[in-house]
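The primary structure of each chain is shown beneath.
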Amino acid sequence: MTKTVDVREETARILDTLGVAHSSWTGGDMPSYSPVNGEEITRLKAASAADAGRIIETADEAFKAWRTVPAPRRGELVRLLGEELRAAKADLGRLVSIEVGKIEPEGLGEVQEMIDICDFAVGLSRQLYGLTIATERPGHRMMETWHPLGVVGVISAFNFPVAVWSWNTALALVCGNTVVWKPSEKTPLTALACQAILDRAIARFGEAPKGLSQVLIGGRDVGEALVDHPKVALVSATGSTRMGCEVGPRLARRFARSILELGGNNAGIVCPSADLDMALRAIAFGAMGTAGQRCTTLRRLFVHESVYGDLVPRLKKAYESVSIGNPLETSALVGPLIDKGAYENMLKALEAAKTAGGNITGGSRVPDAGKETAYYVRPALVEMPEQTGPVLEETFAPILYVMKYSDLDEAIAQHNAVAAGLSSSIFTLDMREAEHFLSAEGSDCGITNVNIGTSGAEIGGAFGGEKETGGGRESGSDAWKAYMRRATNTVNYSTALPLAQGVSFDIE
Ligand code: UN1
């Protein structure tokens, strides 16, 4: 018998250990719930749009000082943040499990992503390089410098409640920016915990302007204030395409920058030569992991007709036997859905799939895994005759639509025939097929993998996708450039004034 964990007590213990002031998470009227049991944990004080305005002003003041601190010194703050996160890993990971319902290894994995991006950003703080470019004029030098941008607004979703903040904040801070963060209304407590952890790093850092990175717990009005405030130079928003359709145009209207990381309807292709044991494991994690609530979750699978009869029955068996349970009390592989709304959306999609001729394995609620108020479901595998109806949309739940194919180009065409373009995989040992999938004629996604699943990207690569996924890139590679202002400098050290393009303009 495992012992019963009191979610409220456990939350209080963790928040206390992480140094989150009691007054910041109690005494308000904004409820916070745990999907583990579906019960209310606490009621917090929500910020108003006016509070948001004040906080943004403070962030702007802080920016004016922070931008003059040498970048490697700014990196030192992020190094300390990484240290604090290492010390807090077990507690913060468990708080992620409480607030999102992730299983323990995934809660810890999310915190590890935060540590990794801190390490990346520390190195980056000494590598904010610009180019030196050949000029056409004698006695001139042309170069690029990268400058801090301003206040960065971060809007994050419930499913990665802490990692997404860290991708943005670690980069923003070394780039000389300040941050104002509006976390999902479903995950305010992990946000407060991150703020407390960062505040500890700032205290150790010593002199830092007040308001380097602040959190705004609140609703839609607070998010709107962040999007519309003229002093917010960039908003990095993660969430649904519907949210992006509102946020993107509003930012564009005032010529602010945006990094949009929106929906995904990610697919994999299993080719005749695939290592099926490997594919099976990758598909299981990609489709069922995190209860299907990653933006990188595998949602569509195209299996070649020659291996369909081998792979799909094995997959179905995995769906029937995967362990589902309370992430705080069991070592189950699948935790709960975030809330009732998510469950209802899943039911709706399954109903539509059935109408479209789908054959469903799994998909039912698992009542004995938790309380009545919690939504534990068996992941669903749906064999579809073709890619129609709900298959074309992202449902944020563990549903994998499986379809048979005979021609790879046709499968790639189907693969690309959805609105989103985040992540994709091919399973093959044939290098021609693999390279074709990665080529200009292949997958149209921002992340294209061979022999690994669609989810679980490393922080070192740029993260994001095309089409309705929004086009933004966060995290590694040169994603930092979106957080800085580029200046092209031309210096004339000659005694003449030759004009570019051979133009003459002699005033005598
Ligand atoms: C998300 O679901 O919003 O690639 C982010 C992954 C994780 C990040 C997911 N590293 O699955």
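Conventions and cut-offs
- Counting restarts for each chain, with residues numbered from 1 along the sequence as it is written.
- Two thresholds apply to this predicted model, a pLDDT of at least 70 for residue-level local features and 80 or more for giving and counting side-chain atom pairs, whereas whole-chain, interface and lining totals are computed over all residues.
- Hydrogens and waters are ignored; side-chain quantities use all the structure's heavy atoms.
- We count a stretch as a helix when DSSP gives it H or I for four or more residues in a row; a strand needs E for two or more, and each element gets its number in order from the N terminus.
- To estimate how far a helix should extend, the number of its residues minus one is multiplied by 1.5 Å.
- The cut-offs for exposure are 20% and 50% of the maximum accessible area for each residue type, with area from a 1.4 Å probe on protein chains only; residues under the lower value are buried, those over the upper are exposed, and the others partly exposed.
- Contacts were defined at the residue level, with two residues in contact if any of their heavy atoms lie within 4.5 Å.
- The quantity called bend is, for any residue, the angle between two axes fitted respectively to the seven residues ending at it and the seven beginning at it.
- The criterion for an aromatic pair is that two Phe, Tyr or Trp rings (for Trp, the six-membered ring) have centres within 6.5 Å, with stacked assigned to planes under 30 degrees apart, edge-to-face to planes over 60 apart and tilted to the rest.
- Charge-over-ring placement is defined geometrically: NZ (Lys) or CZ (Arg) within 6 Å of the ring centre, and within 35 degrees of the ring normal.
- Here, any two strands with at least 2 DSSP bridges between them count as paired.

Below, the discussion takes up unusual backbone geometry. A negative phi angle characterises most non-glycine residues, just as the trans form characterises most peptide bonds. Phi at Ala291 takes a positive value of approximately 50 degrees, unusual for a residue other than glycine. Relative to the helices and strands, Ala291 is located in the loop between helix 10 (276-288) and strand 11 (298-304).

It is worth spelling out helix 5 (residues 104-124) at this point. Over its 21 residues, helix 5 runs 30 Å from end to end, which matches the ideal 30 Å to within 8%, given 1.5 Å per residue. Listed in full, the buried residues belonging to helix 5 are Glu106, Gly107, Glu110, Val111, Glu113, Met114, Ile115, Ile117, Cys118, Ala121 and Leu124. Along its buried surface, helix 5 packs onto helix 4 (71-100), helix 6 (163-174), helix 7 (188-205), helix 10 and strand 20 (474-475).

Moving on: helix 4. With 30 residues, helix 4 should cover 44 Å at 1.5 Å per step; its first-to-last C-alpha distance of 35 Å lies more than 12% under that length. At Ala88, helix 4 is deflected by roughly 70 degrees, the largest bend along its length. Gly101, located one to two residues past helix 4, shows a positive phi value of around 90 degrees.

Let us look at the packing of aromatic side chains. For the structure on display, the rule yields 6 aromatic pairs. Seen in terms of ring centroids, Trp167 and Phe463 are 4.9 Å apart; in terms of plane orientation they differ by 55 degrees. Their pairing is tilted. Placement of the pair is Trp167 in helix 6 and Phe463 in strand 18 (residues 462-463), with a sequence separation of 296 residues. This pair shows no difference in class: Trp167 is buried, exactly as Phe463 is. For Lys102, the ring lying beneath its charged end belongs to Phe160, and the centroid distance is 3.4 Å.

What follows covers the sheet that holds strand 3 (residues 132-133). Pairing is antiparallel in the open sheet, where 3 strands are placed in the order 3-4-21. Where the open sheet ends on each side, the last strands, each with one partner, are strand 3 and strand 21 (484-492). One ladder, built from 9 bridges, connects strand 4 (residues 140-148) with strand 21; its direction is antiparallel. Across the sheet, Trp146 pairs through a bridge with Arg486, a residue of strand 21.

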